[in-house]
Amino acid sequence: MNSALAVTPAGYRQLGCFKGKPSVGFVYAFDVGNTKDSEFGYRFDAKPGRQIDPRFLSNHRTIVIEEKADVERFAAELTASNVLLVQIRSLTEGQTRAEFQVGGAQAAIDAAFAGCPLSTH
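So, a few notes on the structure that sits alongside this text. A quick note: this is a predicted structure, and the numbers were derived from the prediction, not measured. (Residues numbered from 1 in each chain as written. Predicted model: local features only at pLDDT ≥ 70, side-chain atom pairs only at ≥ 80, totals over all residues. Heavy atoms only, no water.)

Structural notes on helix α1 (residues 68-79)
Argument step 1. In this model α1 runs 16 Å from its N-terminal to its C-terminal C-alpha over 12 residues, within 8% of the 16 Å that 1.5 Å per residue would give.
Argument step 2. For α1, the complete set of buried residues consists of Asp-70, Val-71, Glu-72, Phe-74, Ala-75, Glu-77 and Leu-78. (Helix = DSSP H or I, 4+ residues; strand = E, 2+ residues; numbered from the N terminus. Expected span 1.5 Å × (residues − 1). Buried < 20%, exposed > 50% of the residue type's maximum accessible area, 1.4 Å probe, protein only.)

Quick word on the pairing of strand β8 (residues 94-101)
Argument step 1. Bridging between strand β7 (residues 83-90) and β8 involves eight bridges; their strand directions are antiparallel. Residue pairing for β8: Ile-88 is matched across the bridge by Thr-96.
Argument step 2. The loop that links β7 with its antiparallel partner β8 comprises three residues. (Pairing = 2+ DSSP bridges.)

Notes on the state of the cysteines
Argument step 1. In this structure the tally under the stated criterion is one disulfide.
Argument step 2. The residue that forms a disulfide with Cys-17 is Cys-116, at a sulfur-sulfur distance of 1.9 Å. Disulfide Cys-17-Cys-116: torsion about the S-S bond near -90 degrees, hence left-handed. On the criterion of sequence distance, the pair formed by Cys-17 in strand β1 (residues 12-18) and Cys-116 in the segment after α2 (106-112) is long-range, its members being 99 residues apart. (Disulfide = S-S within 2.5 Å.)

Section: the pattern of salt bridges
Argument step 1. A complete count under the given rule lists six salt bridges for this structure.
Argument step 2. Arg-50 is the salt-bridge partner of Glu-77, the closest N and O atoms lying 2.5 Å from each other. Of the two residues, Glu-77 sits in helix α1 while Arg-50 sits in strand β4 (residues 50-52), which places them 27 residues apart along the sequence.
Argument step 3. We classify Glu-77 as buried; its relative accessible area is 12%.
Argument step 4. Under the relative-accessibility criterion, Arg-50 is labelled partly exposed at 33%. (Salt bridge = Lys/Arg side-chain N within 4 Å of Asp/Glu carboxyl O.)

Given below as structure tokens:
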């Protein structure tokens with residue numbers, strides 16, 4: 001859902017390694033914000049939310065969590081959760097909210113980070 005769009009195409013999340021380091025990405029089919037005027041937050045299930053400073057790529061549609069501590073915390077919470085809620089607030093692109101069903105993510109985490117293991121497992 002995006003506050004500026006009548007119909008919002010789906011987004012997706014991606015776990016993986018980039019240049020030997022773990023990362024978490026979110027990709028949308030529409031502009032969601034940029035590093036200068038946007039905030040990014042997420043929460044798993046009914047747990048308290050977190051606000052972090054990811055990198056917004058220049059296409060304004062892709063957000064990457066690349067700080068290792070942030071990736072490790074995200075993966076640890078993902079392992080034990082069923083629902084991921086993501087919210088992006090941007091002065092130029094409005095608010096974007098997405099809900100992802102993430103139950104049973106351990107196998108995906110293990111496969112995605114096989115080339116750049118996390119210290120959390």
